[in-house]
Amino acid sequence: MDKKEGRWSGMTPGQAFETVYRRIRREWKTAFLTCFLLGLLIHMPALISDIPNHDGLDSMYFHQNMITSGRWFLSVACGFSSYYTVPWLIGILGLAFLGCAAAALCELLEVRRIWAVALVSGLLAAFPALASTFAYVYTLDGYMLALLLSVLSVLAVRKRRLGFVPGAFCLAFSMGIYQGYLSFAMILAIFALWMTLLDEKLPLKDRLLASLRYLYMGVLGGGLYYAILQALLWIQGKELDHYQGIDGLGGGFLSGGIPEALGGIYRDFFTFSLRGNVLFTNAFSLAAWCVLGALAAAAAFFLIRRRKCWKNPLLFAIIGLTLLLLPVASNIILVVSPDVNYHLLMRYQWVLYAIGAVALISGQGGRTARGVWMEWLGLAAAGTLVFCYGVADNIAYSNLQKRYEKTYAYCLRLLDRIEQTEGYYHGIPIAMIGVVGDEQFPVTDITLPVTSNMIGLSGDSLLYTGKNYQLFIRHYLGATLNVLPEEAMEDMYMSEEYMAMDSFPGPDSIRIIDGVMYIKTENVNR
């Protein structure tokens, strides 16, 4: 019997757990606990509430078989918490996966100083993209597992010579859950490539060969993802649907010409970064980003000067080229699906720029008095960002609660009117568009200066379609309505009789015509 095997086999469970715990590095423990506990504090309103968004109404119980959207592993990833929407359990699992991702991220970027480890984890837990993901809580645990796998895909390549093989599997399964985190892996791969190229312990040839492994991982992982997707589609007899342009898989990117497509990618990157109302929403967060950017630039300058990188033009050119490619890596989803509705859930990777700045500052600081000041300023700037993002998240959760209350009040009034309408009986066919008109109900959301780009958290109502009404009234008012599909309104919508109707709560907003109850909620003057 192997000596190590015999030692493990003679351990009690307590001794085994203690041995494993001692092998976990202090930075990993700090990263996990900071991310998990701070995540609990910031996102507690979402964990202890049962507040849906418009998509969540249709996902109170959802098997998550989204293979036609290319997410062939999502059903398995979300199955740990059951397919019911149980926010507390899903949130705990999601934060646990995110905490592991924080530990893996610190290991990948070689963040060793405890203040920097805590801030890297804090930024990951507080960034508003996570709050938007909590608004779609029914997929949160699966999505956070996908994010963890995307980090592990790059970490495997960084740590092992043949790590691109397990890394490819991690990347494939991450994309099989949610393709939005491909950018996360690509940006981290660029960061890791820079670290490899600047490693003075390796000969230049070895550094270049090691850098190619990230490319191997990406190509192999992408190919594996696509092969599994096609195999499962064939087995289930399905095809990719048109949702978010997933059936195009990159074809649309080339249709308008590469220069125009690249121009769109760079425009989107800088538009979102500078005017997206997410990275900074007040003077404090803007100042924090400016300080972090300046410190990171200074740290990079000192690193390049100390290692005399300019003496090797090839390394300098590779680093410069990959720096220019960062906007493409950030927006790779626009290459995969050019027609995508590019919302905040898909932009979590922007937090890596703040995290990368913290890692760079902590790696260069502390050597001199100047370095100490850089660390203190970096701590203050990154800490300010964490606080500002936590405030923004809770403002958004406050509005989500108000959206639910407004929707509840609206549906209660509407249901009462439906049941009081002459000729109503249980099960009567109901046809409606469903959009709440702003003429009768002007916008009352006061959080838009903060939440305008936080999908799922802004606005006044959870209602956009007739099915939304049907599901909300069923789950939260305990009544069942026979709402017809949208096609039932096609002939009626342009008729003079329908256009003459009032918008709810007008007295003539509900009519029964030929046995069908028509309800008009949109604006009268459309």
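Scroll up for the structure.
Residues numbered from 1 in each chain as written. Predicted model: local features only at pLDDT ≥ 70, side-chain atom pairs only at ≥ 80, totals over all residues. Heavy atoms only, no water.

Draft legend 1. A look at the overall build of the protein. When you go through the protein residue by residue, the secondary structure sums to 23 helices and four strands. A burial count over the protein gives 51% of its 526 residues as buried. Pairs at least 24 apart in sequence give 78% of the contacts found in the protein among residues at least 6 apart. For the protein, the computed accessible surface area is about 24,300 Å², with 64% contributed by carbon and sulfur atoms. (Helix = DSSP H or I, 4+ residues; strand = E, 2+ residues; numbered from the N terminus. Buried < 20%, exposed > 50% of the residue type's maximum accessible area, 1.4 Å probe, protein only. Contact = heavy atoms within 4.5 Å. Areas by Shrake-Rupley, 256 points an atom, 1.4 Å probe, with all protein chains shown as cover.)

Draft legend 2. Layout of the packing of aromatic side chains. Under the criterion given, the structure shown has 30 aromatic pairs. Taking the centre distance of 6.0 Å and the plane angle of 75° together, the rings of Phe269 and Tyr353 count as edge-to-face. Of this pair, Phe269 sits in helix H13 (residues 258-275) while Tyr353 sits in helix H18 (residues 351-364), and the two are 84 residues apart along the sequence. The class of Tyr353 is buried, set by a relative accessible area of 19%. Pairwise contacts between aromatic rings join Phe127, Tyr143, Tyr178, Tyr181, Phe184, Tyr348 and Tyr389 into one cluster. Sitting above the plane of the Tyr21 ring, Lys29 keeps its charged end 3.7 Å from the centroid. (Phe/Tyr/Trp six-rings, centres within 6.5 Å; stacked < 30°, edge-to-face > 60°. Lys NZ or Arg CZ within 6 Å of the ring centre and 35° of its normal.)

Draft legend 3. Region of the structure containing the sheet that holds strand S2 (residues 482-483). Overall, mixed pairing links the four strands, which are arranged S2-S1-S4-S3 in an open sheet. Each edge of the sheet is formed by a strand with only one pairing partner; in this case those strands are S2 and strand S3 (510-513). Judged from the four bridges that link them, S3 and strand S4 (residues 516-519) form a sheet pairing that is antiparallel. For Ile513, the partnering residue across the bridge sits in S4 and is Val516. (Pairing = 2+ DSSP bridges.)

Draft legend 4. Expanded view of the packing of helix H3 (residues 26-47) against helix H6 (residues 114-126). Relative orientation of the contacting elements H3 and H6 amounts to 35°, with a least axis distance of 8 Å. Remark: the crossing between H3 and H6 carries right-handed chirality. Judged by residue contacts, Arg26, Glu27, Thr30, Ala31, Thr34, Cys35, Leu38, Gly39, Ile42 and His43 of H3 engage Ile114, Val117, Ala118, Ser121, Gly122, Ala125 and Ala126 from H6. (Axes fitted to C-alpha atoms, helices over the stretch in contact; angles between N-to-C directions. Left-handed = near helix turned anticlockwise from the far one by under 90°.)

Draft legend 5. View of the pattern of salt bridges. Within the structure shown, the criterion is met by 13 salt bridges. The salt bridge partner of Arg22 is Glu18, with a shortest N-O separation of 3.2 Å. Placement of both Arg22 and Glu18 in helix H2 (residues 13-23) is noted, with a separation of four residues, approximately one turn of the helix. On the accessibility criterion, Arg22 (56% relative accessible area) is exposed. Note that Glu110 is salt-bridged to Arg158, the shortest N-O span being 2.9 Å. (Salt bridge = Lys/Arg side-chain N within 4 Å of Asp/Glu carboxyl O.)

Draft legend 6. Looking closely at the nonpolar core. The biggest cluster of nonpolar side chains holds 157 residues, and the ones touching the most others in it are Phe184 and Tyr348. Counting residues per element, this core draws most heavily on helix H19 (residues 369-420), which supplies 15 residues. Phe184 has contacts with Leu124, Leu147, Ser150, Val151, Tyr348, Gln349, Val351 and Leu352, leaving out every residue within four places of it along the chain. With eight residues, the next largest nonpolar core counts Ala431, Met489, Tyr498 and Met501 among its residues. (Core = buried A, V, L, I, M, F, W, Y, C linked by side-chain atoms within 4.5 Å.)

Draft legend 7. Quick look at the side chain of Thr85. Turning to its location among the elements, Thr85 is positioned in the loop between helix H4 (74-77) and helix H5 (87-108). At a separation of 2.6 Å, a polar atom in the side chain of Thr85 contacts the main-chain carbonyl oxygen of Ser59. Not counting residues up to four positions away in its chain, the partners in contact with Thr85 are Ser59, Met60, Ile90, Val137 and Tyr138. (Polar contact = N/O pair within 3.5 Å; in protein donor to acceptor, adjacent residues only side chain to side chain.)

Draft legend 8. Up close: unusual backbone geometry. Note the cis peptide between Phe504 and Pro505, where omega equals 15°. One can find Pro505 in the loop between helix H23 (496-499) and S3. Positive phi, close to 60°, is recorded for Gln64, a residue that is not glycine. Even without being a glycine, Asp514 presents a positive backbone phi close to 50°. Checked against the element boundaries, Asp514 lands in the loop between S3 and S4.

Draft legend 9. Structural context of the state of the cysteines. Within the structure shown, the criterion is met by zero disulfides. Here Cys35 is not cross-linked by a disulfide; its sulfur's nearest cysteine counterpart is in Cys100, at 9.3 Å. A relative accessible area of 0% places Cys35 in the buried class. (Disulfide = S-S within 2.5 Å.)

Draft legend 10. Structural detail: the environment of Leu352. Here Leu352 lies in helix H18. Considered as a pair, Leu352 and Ile187 are 165 residues apart in the sequence and their alpha carbons are 7.7 Å apart. Apart from the residues within four sequence positions on either side, Leu352 is in contact with Leu105, Phe184, Ile187, Leu188 and Phe191.

Draft legend 11. Quick look at the environment of Val154. Note that Val154 resides in helix H8 (residues 140-159). Sequence separation between Val154 and Ile177 is 23 residues, and the spatial gap between their C-alpha atoms is 17 Å. Filtering out sequence-adjacent residues up to four positions away, Val154 remains in contact with Leu108, Ala185, Leu188, Ala189, Ala192, Tyr214 and Met217.

Draft legend 12. Structural detail: a negative patch on the surface. Negative charge collects at one region of the surface, where Glu486, Glu487, Glu490 and Asp491 lie side by side. Examined against the element boundaries, Asp491 turns out to sit in helix H22 (residues 490-493). Since its relative accessible area comes to 74%, Asp491 is described here as exposed. (Patch = residues over 30% accessible without salt bridge, like charges linked within 9 Å, V, L, I, M, F, W, Y side chains within 5 Å. Lys, Arg positive; Asp, Glu negative; His and termini not counted. Charge placed at Lys NZ, Arg CZ, Asp CG, Glu CD.)

Draft legend 13. Seen up close, the packing of H5 against H8. Closest axis-to-axis distance for the H5/H8 pair is 8 Å, and the angle between their directions is 15°. Relative to H8, the element H5 is oriented roughly parallel. The chirality of how H5 crosses H8 is left-handed. In this structure, H5 contributes Ile90, Gly91, Leu93, Gly94, Phe97, Leu98, Cys100, Ala101, Ala104, Leu105, Glu107 and Leu108 to the contact, and H8 contributes Leu140, Asp141, Met144, Leu145, Leu147, Leu148, Val151, Leu152, Val154, Leu155, Arg158 and Lys159. For the contact of H5 with H8, the per-class residue count stands at 18 nonpolar, two polar and four charged. (Parallel < 35°, antiparallel > 145°, perpendicular 65-115°, else oblique. Nonpolar A, V, L, I, M, F, W, Y, C, P; charged D, E, K, R; others polar.)

Draft legend 14. Spotlight on the side chain of Glu107. Position of Glu107 among the secondary structure elements: in helix H5. Look at Glu107 and you get buried, because its relative accessible area is 8%. In this structure, Glu107 is in contact with Arg25, Trp28, Arg112, Leu155 and Lys159, ignoring residues within four places of it in sequence.

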